[in-house]
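Spelled out from the first residue to the last, the chains are:
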Amino acid sequence: MEEDVEDIESLDPPPPLEEPWCATCHAFTDYRRKWDTIQRADLDGGSYSENIEIPHCIDCDKPMLLLSTCRKLIWSVNSLTILAWLIGLLGVLALFRFSLGSITGLLIHGACCYLISRLPHKSRLTLQSYKKAKKEETLKELLQKL
């Protein structure tokens, strides 16, 4: 009598979780999870506490960020500011004639949109440190091959 044996490799493995990136250490370092609470509003006019998990680097004890979250945040903020700038441009073109006031207003609106697009500063720095570390890693690999 033969028993059916299942191969462990054939089972569906759980999806791999993304590792957080430490912008201070410039690496995917080991981390520990710290919990924090945030007050959220509910539909009844009250509030409730939501527990969130924040990974902290073991080496430097700074909070770590997920690269995918940083990319999504920067992409969405940039998209919204471009949309706001286009709406402002179309509004000026449709409602006003070109004059010094309308062009000045459009320039001020464009400057505000640019400043708003720079708001996710921490996410930008995290992605820049990741790209810099990735370049250094590829250069080290190329030098080792020589």
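Values in this document were obtained by computation on a predicted structure and should not be read as measured data.

Caption draft 1: Looking closely at the overall build of the protein. A count of helical and extended segments in the protein gives three helices and two strands. When the helices and strands of the protein are placed in sequence order, the string is β-β-α-α-α. Against the compact-globule benchmark of 15 Å for 146 residues, the protein has a radius of gyration of 24 Å, which places it well outside the compact range. Taking the principal axes of the C-alpha coordinates as reference, the protein spans close to 90 × 60 × 40 Å. For the protein, with 146 residues in total, the buried portion stands at 19%. Contacts in the protein between residues at least 24 apart in sequence constitute 57% of all its contacts with a sequence separation of at least 6.

Definitions and cut-offs
Residues numbered from 1 in each chain as written. Predicted model: local features only at pLDDT ≥ 70, side-chain atom pairs only at ≥ 80, totals over all residues. Heavy atoms only, no water. Helix = DSSP H or I, 4+ residues; strand = E, 2+ residues; numbered from the N terminus. Rg over C-alpha atoms; globule rule 2.2 N^0.38 Å. Buried < 20%, exposed > 50% of the residue type's maximum accessible area, 1.4 Å probe, protein only. Contact = heavy atoms within 4.5 Å.

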